[in-house]
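So you can see what is in the structure, the chains are spelled out below.
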Amino acid sequence: MAIVKWATAKYEGLGKDGKGHVSMESGALQDHPYGFNTRFEDKSGTNPEEQIAVAQASCFTMALSMSLSEQGFKKGTLETKAAITLVKDDDGFSISKSEITLDAQVPGMDGADFEKVAVEAKLNCPISKLLNCDITLDITSFKDN
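Note that the structure is predicted; figures quoted are calculated from it, not measured. (Residues numbered from 1 in each chain as written. Predicted model: local features only at pLDDT ≥ 70, side-chain atom pairs only at ≥ 80, totals over all residues. Heavy atoms only, no water.)

*Asks:* Any chance you could explain the sheet that holds strand E5 (residues 92-105) here in plain terms?
*Replies:* Hydrogen bonds between backbone groups are what pair the strands of a sheet, and the pairing can be parallel or antiparallel. In space, the three strands of this open sheet follow the order E4-E5-E6, with mixed pairing throughout. Pairing within the sheet leaves two strands with one partner each, and these edge strands are strand E4 (77-89) and strand E6 (134-143). Here the strands of the sheet are splayed against their neighbours by 15° on average, with no regard to which way each runs. In this sheet, E6 lies alongside E5 in parallel orientation, the contact comprising nine bridges. Across the sheet, Leu-102 pairs through a bridge with Ile-139, a residue of E6. (Pairing = 2+ DSSP bridges. Helix = DSSP H or I, 4+ residues; strand = E, 2+ residues; numbered from the N terminus. Axes fitted to C-alpha atoms, helices over the stretch in contact; angles between N-to-C directions.)

Dropping the structure here:
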């Protein structure tokens, strides 16, 4: 089985003066602005790192949710933040890290068991497998009720 999802990017003009727009198959983003000024300045729009962060956060959260469900847990709340770090290096720029921060509530689950399942989800969600950088996980809160 293969699932193919797509997105498009269009950039008009070049360099810092160029303006881009991104769209997603789902329509969640449709001709949404992006460019140098949305990536390195405070202009309204999106950027590739933000898009990777939302992919990391949503993929990890869905993988963890599915694992917990498979273990028989039916109720709970998972709130994930992913922070993507873009650094200047000799070749231009690279992404050096994806930091996942998780607040979770899973009634009836042991904290040590939860941490094991969360770490496994971090390692095995498809976006984590795609990224070739340091991916950390900080469970900032966990409640079993």
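Back to the text.
*Asks:* Explanation requested: the nonpolar core in the structure shown.
*Replies:* Most often, soluble globular proteins have nonpolar side chains that are buried together. One finds Phe-60, Leu-64, Leu-68, Leu-102, Met-109 and Phe-114 to be the most contacted residues of the largest nonpolar core, which totals 16 residues. Breaking this core down by element, the ones donating at least two residues are helix H2 (48-70), E5 and helix H3 (111-124). When sequence neighbours within four positions are dropped, the list of residues in contact with Leu-68 reads Phe-73, Leu-78, Val-106, Met-109, Phe-114 and Val-117. (Core = buried A, V, L, I, M, F, W, Y, C linked by side-chain atoms within 4.5 Å. Buried < 20%, exposed > 50% of the residue type's maximum accessible area, 1.4 Å probe, protein only. Contact = heavy atoms within 4.5 Å.)

*Asks:* Sorry if this is basic, but what is going on with the pattern of salt bridges here?
*Replies:* It is possible for side chains of opposite charge to pair when their charged atoms get near one another. Counting across every chain of the model gives two salt bridges. A salt bridge links Glu-12 to Lys-10; its shortest N-O distance comes to 3.8 Å. Note that Glu-49 is salt-bridged to Arg-39, the shortest N-O span being 2.5 Å. Taken together, the residues Glu-49 in helix H2 and Arg-39 in helix H1 (residues 36-40) connect sequence positions 10 residues apart. Note on Glu-49: relative accessible area 9%, which makes it buried. (Salt bridge = Lys/Arg side-chain N within 4 Å of Asp/Glu carboxyl O.)

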